[in-house]
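The primary structure of each chain is shown beneath.
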Amino acid sequence: DDAVSLERKNGNTVLYVHIADVSAYVEPGSPLDREAMSRGTSYYLGNRVIPMLPEVLSNDLCSLVAGKDRFTLTAELTLGSDGRTVSSRFHRGVIKVDKRLTYENAAGVIAGKSRTHVASMLRAMSALAESMKRHRMTKGRVDLTLTDQEIIYKGETTADIRFAARLSSHMLIEEFMLTANEAASKTLREKNIPALYRIHEDISMDKLFALKSFLATIGIQLRDSDNTGLAIQSIVDGVAGGQYQQVVNMVVLKSFMQAFYGVKPVGHFGLGFRDYTHFTSPIRRYPDLVVHRCIKSIIDGERPPYTEQELVSIAEKSSETERIAQSAERDFVRLKSCRLMSGRIGETFDVVVSGISRYGMYVSMLEKPVEGFIPLRALTDDFYLVNEDDYTIIGRRFGRRFRIGDKIKARLTGADIYTSRIDFDIA
């Protein structure tokens, strides 16, 4: 439901981010709109999608199909040499996509030697996206190296679960969409239009103290700084490629506050943005549809479509449905993980200790994105004591120690699809 294009205009680089105009088909307050708000988002469960809107919209009228005219809401973004947005405008539009590419296709073109117009534009876009990211990293953005999981199917059967590849084309689209979202938020704030914003609050003092304490146990100091994001990113960069990369990234993520939707533009800590909203996925997220309507009121010179009180209710509902969708998707992956691992009971795997509790230790497999637990009762060679504050488990007699971040070998002992629990013991 999105397309991008690039051109030189009056000596400047101009990026166009075209988003399918879902609001042209979904009237506020209509039965279709009420159902979309009730669902809040599309659900992605393996190879199935439960869409927020009917498939005639999501797969046809609001899909930017190559060679067909489609309504869009377009962000026109004039950019400086470092990728910063100099100015932005928003337009209603009708576009006809020239070329539709998968992420894999686009990454191949960027890395290849083709000199076609499409190849030249993609390489220019890739260079621009890298400039955008470099600039943002200097402003306090935290860029974690955690990788999403991907379920592999053979027909209708789950064949595997693996770490998803991170391609240059993913980064390109991500940076462009962030730029459009930021510009939309800034426009709404400056025009004083009641709207929804994507909010990610600063890390709390309690969680920051806990993060510092954890890092200290593995010999890393998180320095005090006026820009906490920059300080955290320096830690993430420092552990990249090393023993503690995975676990530090996981602990940092768990230290963050949960993002939500609200009516006050208070910024996004993780991205380091003063302005941020969701503008780029109205076919699958209800808040984006709301933001489109607000942007259109500016374009058309009309009164704002929502009062602040109406938006408070929509924000609360959207945050709730988002959490439900995330929980369902996590549960689905855990269920599939258990089903896959149930056929590998007794095998030994390389794992990293990712958490310590009074009942044992959490571990993450290195070969695939599967997490499990080693109960304390499975450690039978000694009497072990748990020090949760120091993230360690220590044998009282022989002094064997397990600490968060340690890489060990573990034997799979159980994978229960009914409880979604995967258990290991020490190999």
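For clarity, every value in this text was computed on a predicted model and none was experimentally measured. (Residues numbered from 1 in each chain as written. Predicted model: local features only at pLDDT ≥ 70, side-chain atom pairs only at ≥ 80, totals over all residues. Heavy atoms only, no water.)

Participant: Now, about the overall build of the protein chain: what can you tell me, with residues and values included?
Facilitator: On a plain count of helices and strands, the protein chain comes out with 10 helices and 18 strands. Relative to the compact-globule value of 22 Å for 427 residues, the protein chain shows a C-alpha radius of gyration of 24 Å, a close match. Counting only C-alpha atoms and orienting by the principal axes, one finds that the protein chain spans roughly 75 × 55 × 50 Å. By residue count, 46% of the 427 residues in the protein chain fall in the buried class. Within the protein chain, one finds 58 positive and 54 negative side-chain charges whose respective centroids are separated by 3 Å. (Helix = DSSP H or I, 4+ residues; strand = E, 2+ residues; numbered from the N terminus. Rg over C-alpha atoms; globule rule 2.2 N^0.38 Å. Buried < 20%, exposed > 50% of the residue type's maximum accessible area, 1.4 Å probe, protein only. Lys, Arg positive; Asp, Glu negative; His and termini not counted. Charge placed at Lys NZ, Arg CZ, Asp CG, Glu CD.)

Participant: Account for the pattern of salt bridges, naming residues and giving values.
Facilitator: Should the charged atoms of two oppositely charged side chains come close, the side chains can pair. Using the criterion set out here, one finds 29 salt bridges in the structure. Glu 156 is the salt-bridge partner of Arg 48, the closest N and O atoms lying 2.8 Å from each other. With Arg 48 in strand β4 (residues 48-50) and Glu 156 in the loop between β7 (149-154) and β8 (157-163), this pair connects stretches of sequence that are 108 residues apart. Judged by relative accessible area, Arg 48 falls into the partly exposed class, the value being 46%. Between Arg 334 and Asp 331 there is a salt bridge, and its shortest N-O distance comes to 2.3 Å. Residue Arg 334 and its partner Asp 331 are located together in helix α10 (residues 308-341), separated by 3 residues, close to a single helical turn. (Salt bridge = Lys/Arg side-chain N within 4 Å of Asp/Glu carboxyl O.)

Participant: Can you break down the packing of aromatic side chains residue by residue, with the values?
Facilitator: Scanning the entire structure with this criterion turns up 8 aromatic pairs. When the centroid spacing of 5.2 Å and the interplanar angle of 80 degrees are considered together, the rings of Phe 214 and Tyr 391 count as edge-to-face. One end of the pair, Phe 214, is in helix α6 (residues 205-217); the other, Tyr 391, is in the loop between β14 (384-387) and β15 (392-395), with 177 residues separating them in the sequence. An angle of 85 degrees between the planes, with centres 6.4 Å apart, marks the rings of Phe 349 and Phe 424 as edge-to-face. In this pair, Phe 349 is assigned in strand β11 (residues 348-357) and Phe 424 in strand β18 (residues 421-426), connecting sequence segments 75 residues apart. Neither residue differs from the other here; Phe 349 and Phe 424 are each classed as buried. When the ring centre of Tyr 261 is taken as reference, the NZ or CZ atom of Arg 198 above it lies at 4.7 Å. (Phe/Tyr/Trp six-rings, centres within 6.5 Å; stacked < 30°, edge-to-face > 60°. Lys NZ or Arg CZ within 6 Å of the ring centre and 35° of its normal.)

Participant: I'd like a description of the side chain of Arg 136, backed by residues and values.
Facilitator: On the secondary structure map, Arg 136 appears in helix α4 (residues 117-137). On the basis of relative accessibility, which here comes to 7%, the residue Arg 136 falls in the buried class. Not counting residues within four places of it along the chain, the set of residues in contact with Arg 136 comprises Arg 141, Glu 175, Leu 178, Thr 179, Glu 182 and Phe 273. (Contact = heavy atoms within 4.5 Å.)

Participant: Run through the environment of Pro 54, naming residues and quoting values.
Facilitator: On the secondary structure map, Pro 54 appears in the loop between β4 and α2 (55-61). For Pro 54, a relative accessible area of 34% corresponds to the partly exposed category. In this structure, the C-alpha to C-alpha distance between Pro 54 and Ala 36, residues 18 residues apart in sequence, is 9.3 Å.

Participant: Tell me about the sheet that holds strand β1 (residues 2-9), and please be specific about residues and values.
Facilitator: Consider a sheet: its strands pair through backbone hydrogen bonds, and that pairing is either parallel or antiparallel. Read across the sheet, 4 strands follow the order β1-β2-β5-β6 without closing on themselves; strand pairing throughout is antiparallel. Either end of the sheet is taken by a strand with one partner, and the two such strands are β1 and β6 (85-96). The mean angle between the axes of side-by-side strands here comes to 20 degrees, regardless of whether they run parallel or antiparallel. With 8 bridges joining them, strand β2 (residues 12-20) and strand β5 (residues 69-79) adopt antiparallel strand pairing. (Pairing = 2+ DSSP bridges. Axes fitted to C-alpha atoms, helices over the stretch in contact; angles between N-to-C directions.)

Participant: Account for the pairing of β2, with residues named and values stated.
Facilitator: The element β2 is extensively covered by neighbouring structure, given that 8 of its 9 residues are classed as buried. Bridge analysis of β1 against β2 gives 8 bridges, and the strand direction is antiparallel. Residue pairing across strands places Asp 2 opposite Ile 19, the latter belonging to β2. Counted along the chain from β1 to the antiparallel partner β2, the turn is 2 residues long, and its residue Asn 10 has a positive phi close to 55 degrees.

Participant: Got a sec to walk through the packing of helix α7 (residues 228-239) against helix α8 (residues 245-255)? Specific residues and values, please.
Facilitator: Their axes nearest at 9 Å, the elements α7 and α8 cross at an angle of 160 degrees. Classified by the angle their axes make, α7 and α8 are roughly antiparallel. α8 is crossed by α7, and the crossing has left-handed handedness. Between α7 and α8, the contacting residues are Ile 232, Ile 235, Val 236 and Val 239 on the first element and Gln 245, Val 248, Asn 249 and Val 252 on the second. (Parallel < 35°, antiparallel > 145°, perpendicular 65-115°, else oblique. Left-handed = near helix turned anticlockwise from the far one by under 90°.)

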